[in-house]
Amino acid sequence: GESVGLHLPTLSVQEGDNSIINCAYSNSASDYFIWYKQESGKGPQFIIDIRSNMDKRQGQRVTVLLNKTVKHLSLQIAATQPGDSAVYFCAERYTGRRALTFGSGTRLQVQP
Amino acid sequence: GAVVSQHPSWVICKSGTSVKIECRSLDFQATTMFWYRQFPKQSLMLMATSNEGSKATYEQGVEKDKFLINHASLTLSTLTVTSAHPEDSSFYICSARKGGTTEGYGYTFGSGTRLTVV
């Protein structure tokens, strides 16, 4: 079936740099997307979300961009900090479906 | 904010026994709860969607007789792994959805349960 996938399994950045985590999705019927952060041994933590009728949304130090033309989602983290080190997942919700479908995840490593 | 409590955080059981995992929404009523399974270094895979007072909807390939889900109230859903085997060892995570809420925070996740079957 259709699924959400990611380009990079691991991303290593220097502290203070900006990070960009990408996600490709294949279901054009998805109407809602969320980025989650997961630390080892814990459940996913909400970061930011975006509806399909938007192309950009900003939060504190984070920005999500949605390009429906190429079915691409990205998470930008400004001034990356060591505490940002974790695995990041994008999740999508298909129109008419209540559950979220998760992508494969990207591990972000922040070098001090 | 919305808080979901999952218990236990970890459990070790013998092969052939059953294990029950609880998922509670502490400060809201969850009309829908979801159960996910996550193997090491992999993503979360949806197992089933449970609705208060009705039968759960299982994803393709998930054995409903093995993974029993009960959602008897608006604040509690349980997942029972019956006749557990070593291949059932995994990280199980629940998510509760608050009805009529703003998106994003409508999906709140528990802290997960690490199940090890020996």
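Everything numeric here is computed off the predicted structure, so don't read it as measured data. (Residues numbered from 1 in each chain as written. Chains lettered and ligands numbered in written order. Predicted model: local features only at pLDDT ≥ 70, side-chain atom pairs only at ≥ 80, totals over all residues. Heavy atoms only, no water.)

### Things to note about the confidence of the model for chain A
Okay, so step 1: Summing up the model confidence of chain A, the mean pLDDT is 91 and the portion of residues at 70 or higher is 93%.
Okay, so step 2: When mean pLDDT is taken per element in chain A, strand β7 (residues 62-67) of chain A scores highest with 98 and strand β1 (residues 4-5) of chain A scores lowest with 50. (pLDDT = per-residue confidence, 0-100. Helix = DSSP H or I, 4+ residues; strand = E, 2+ residues; numbered from the N terminus.)

### What to know about the pairing of strand β8 (residues 76-81) of chain B
Residue and element names in this part refer to chain B.
Okay, so step 1: Where burial is concerned, most of β8 is hidden: five out of the six residues are buried.
Okay, so step 2: The pairing of strand β3 (residues 19-25) with β8 spans six bridges and is antiparallel. When the bridges of β8 are listed, Lys20 appears paired with Thr80.
Okay, so step 3: Pairing of strand β7 (residues 67-73) with β8 involves five bridges; the strand directions are antiparallel. Opposite Leu68, over in β8, you have Thr80 as the bridge partner.
Okay, so step 4: Here β7 folds back onto β8 in antiparallel fashion, the turn holding two residues. (Buried < 20%, exposed > 50% of the residue type's maximum accessible area, 1.4 Å probe, protein only. Pairing = 2+ DSSP bridges.)

### Side note on the interface of chain A and chain B
Okay, so step 1: With 20 residues of chain A at the contact, the number on the chain B side is 21 residues.
Okay, so step 2: Regarding the contact of chain A and chain B, the summed buried area is about 1700 Å², with carbon and sulfur atoms giving 54% of it.
Okay, so step 3: For the chain A face of the interface with chain B, the top three residues by lost area are Phe46(A), Arg98(A) and Phe102(A), together amounting to 32%.
Okay, so step 4: Put simply, chain A and chain B have one salt bridge between them.
Okay, so step 5: For the side of chain A that touches chain B, the secondary structure elements donating two or more residues are β4 (30-38), β5 (45-51) and β9 (86-94) of chain A.
Okay, so step 6: When the residues that make up the side of chain A that touches chain B are grouped by side-chain class, the tally is nine nonpolar, five polar and six charged. (Contact = heavy atoms within 4.5 Å. Buried area = accessible area lost by both parts, 1.4 Å probe. Salt bridge = Lys/Arg side-chain N within 4 Å of Asp/Glu carboxyl O. Nonpolar A, V, L, I, M, F, W, Y, C, P; charged D, E, K, R; others polar.)

### Looking at the packing of aromatic side chains
Think of a pair of aromatic rings as described by two things: how far the centres are apart, and how the planes are tilted against each other in angle.
Okay, so step 1: Scanning the entire structure with this criterion turns up nine aromatic pairs over all chains.
Okay, so step 2: With a centroid separation of 5.6 Å and an interplanar angle of 35°, the aromatic rings of Tyr36(A) and Phe102(A) are classed as tilted. With a gap of 66 residues between them, Tyr36(A) in strand β4 and Phe102(A) in strand β10 (residues 101-102) connect regions that are remote in the sequence.
Okay, so step 3: Ring centres 5.4 Å apart and planes at 85° place the aromatic pair Phe102(A) and Tyr36(B) in the edge-to-face group. (Phe/Tyr/Trp six-rings, centres within 6.5 Å; stacked < 30°, edge-to-face > 60°.)

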